[in-house]
Amino acid sequence: MKTHFFRIFAVCAAAHFAAAALAQQDFSKVEIQTEKLAETVYMMTGSGGNLGVSVGEDAVFVIDDQFAPLTPKIQAAIAKLTPKPVQFVLNTHWHFDHTGGNENLGKAGAVIVAHENVRKRLSTEGFIEFLGMKTKPEPKVALPVATFTRGISFHLNGDELVVSHAPRAHTDGDSIVRFGKSNVVHMGDIFFNKLYPFIDTSSGGTVEGVIAAVERVLQVTSERTRIIPGHGPLATRADLQAYRSMLATISGRIGEQVRAGRTLEQVAASRPTEEFDAVWGKGFLKPDKFVEMLYKNLQKRQQ
Ligand SMILES: [Zn+2]
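Right, let's walk through the structure included here. (Residues numbered from 1 in each chain as written. Predicted model: local features only at pLDDT ≥ 70, side-chain atom pairs only at ≥ 80, totals over all residues. Heavy atoms only, no water.)

## Here's the deal with the overall build of the protein
No. 1: Looking only at helices and strands, one finds 11 helices and 15 strands in the protein.
No. 2: In terms of C-alpha radius of gyration, the protein reaches 18 Å, essentially the compact-globule figure of 19 Å for 303 residues.
No. 3: When its C-alpha atoms are laid out on the principal axes, the protein stretches across 60 × 45 × 35 Å.
No. 4: With 303 residues in all, the protein has 56% of them scored as buried.
No. 5: Put simply, 66% of the contacts in the protein that link residues at least 6 apart link residues at least 24 apart.
No. 6: Total accessible area computed for the protein in this model is approximately 12,900 Å², and 51% of it derives from carbon and sulfur atoms.
No. 7: Across the protein, the centroid of the 34 positively charged side chains sits 0 Å from that of the 31 negatively charged ones. (Helix = DSSP H or I, 4+ residues; strand = E, 2+ residues; numbered from the N terminus. Rg over C-alpha atoms; globule rule 2.2 N^0.38 Å. Buried < 20%, exposed > 50% of the residue type's maximum accessible area, 1.4 Å probe, protein only. Contact = heavy atoms within 4.5 Å. Areas by Shrake-Rupley, 256 points an atom, 1.4 Å probe, with all protein chains shown as cover. Lys, Arg positive; Asp, Glu negative; His and termini not counted. Charge placed at Lys NZ, Arg CZ, Asp CG, Glu CD.)

Shown next, in the form of structure tokens:
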């Protein structure tokens, strides 16, 4: 269950460290599923953020690495595709369900690459306000050794992997990876497919930034592009369009009321998500929590 860990937080009232909460999760039953998307590109799912994997003549390149206890299972899934070890890890952002395998893969020799704010946030104590969750600084071996500000490209496995930063979206350190030849895009947590997304306001995330990043991806994709979301099933461009329209509609309704000085209770009573709940409201963020999150995000932008 990909979003299992959020349920742990829902039952813990006080702020706590991510590692302590995760110790309660049983990873032994998690299976890594592999789906081939193109000649050299795969999507892998287990628990935590979805992985993108490029495998071919040059190197194994992995986008995100879920949780530390899953590293051997992820390595075993990759070993079914190639005898090569993981040479590069790209973190789409700093959250622990996307970077938990960094320490193991770093120790095994992988070069970790990310936006500079990912390294900043992983190397200091963090706090995800909406989840009431503290994070500890990661050891040196788990930190990105190559960082960038706007973007970086990798010329590997007969493809061009174009990594570009999306400013102030899900966090302040998000990257989107486009596989030019394979026509695949990995969007990290800028895109939750069929789930109301979490936007980490306390890590510099904004709903406007998420929508802007989605619009950029819509411009460079086609009906045939396969889109890997941070959470949720593999997506098409039509799914991403539906996501954009859901986010723009709901945040537009809430934003208007925030500007009019309405309280969260008043906004919730107007049921701004109503017609979207059947499709998007069954994930870890229930409609009322999603409204609260957007309200606080938009209110902060007002101040
Ligand atoms: Zn995230």
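Here the narrative resumes, following the displayed structure.
## Thoughts on the sheet that holds strand β6 (residues 86-90)
Each strand in a sheet pairs with another by means of backbone hydrogen bonds, the pair being arranged parallel or else antiparallel.
No. 1: Taken in spatial order, the 7 strands of this open sheet run β2-β3-β4-β5-β6-β7-β10, and their pairing is mixed. On the outer flanks of this sheet lie β2 (33-38) and β10 (146-148), each paired with one strand and no other. Adjacent strand axes in the sheet meet at a mean angle of 20°, parallel and antiparallel pairs treated alike.
No. 2: Examined bridge by bridge, strand β5 (residues 60-63) and β6 share 4 bridges and lie parallel to one another. (Pairing = 2+ DSSP bridges. Axes fitted to C-alpha atoms, helices over the stretch in contact; angles between N-to-C directions.)

## What to know about the coordination of the zinc ion
No. 1: Distances from the zinc ion to its protein donors, H93 (NE2), H95 (ND1), H170 (NE2) and D189 (OD), fall at 2.2 Å.
No. 2: In primary-sequence terms, the residues that donate to the zinc ion follow H-x1-H-x74-H-x18-D.
No. 3: Accessibility expressed as a relative area gives 0% for H93, which makes it buried. (Donors = N, O, S within 2.8 Å, 3.2 Å for Na, K, Ca; no water.)

## Some thoughts on the side chain of R237
No. 1: Mapped onto the elements of the fold, R237 is located in helix α8 (residues 237-259).
No. 2: Leaving out residues up to four positions away in the same chain, R237 has contacts with L218, T221, S222, E223, T225 and I227.

## Re the sheet that holds strand β12 (residues 159-166)
No. 1: Taken together, 5 strands build an open sheet; the order of strands is β11-β12-β13-β14-β15 and the sheet is mixed. Each of the sheet's edge strands pairs with one partner strand only, and the pair in question is β11 (151-156) and β15 (226-228). Taking the axes of each pair of neighbouring strands and ignoring which way they run, one obtains an average angle of 15° across the sheet.
No. 2: In this structure, β12 lies alongside strand β13 (residues 174-179), joined through 6 bridges in antiparallel fashion. Across the sheet, residue S164 finds its bridge partner in β13, namely I176.
No. 3: Relative to β12, helix α7 (residues 207-219) is tilted by about 155°, and along the sheet it contacts β12, β13 and β14 (184-186).

## Details of the packing of aromatic side chains
What characterises a pair of aromatic rings is the spacing of the ring centres plus the angle enclosed by the ring planes.
No. 1: In the structure shown here, the tally under the stated rule is 10 aromatic pairs.
No. 2: Seen in terms of ring centroids, F192 and F284 are 5.8 Å apart; in terms of plane orientation they differ by 50°. Their pairing is tilted. Taken as a pair, F192 in the loop between β14 and α7 and F284 in the loop between α10 (277-280) and α11 (287-302) lie far apart in primary sequence, 92 residues in all.
No. 3: On the accessibility criterion, F192 (1% relative accessible area) is buried.
No. 4: Classification of F284 as buried rests on a relative accessible area of 16%.
No. 5: In this structure an aromatic cluster arises from ring pairing among F27, F67 and F96. (Phe/Tyr/Trp six-rings, centres within 6.5 Å; stacked < 30°, edge-to-face > 60°.)

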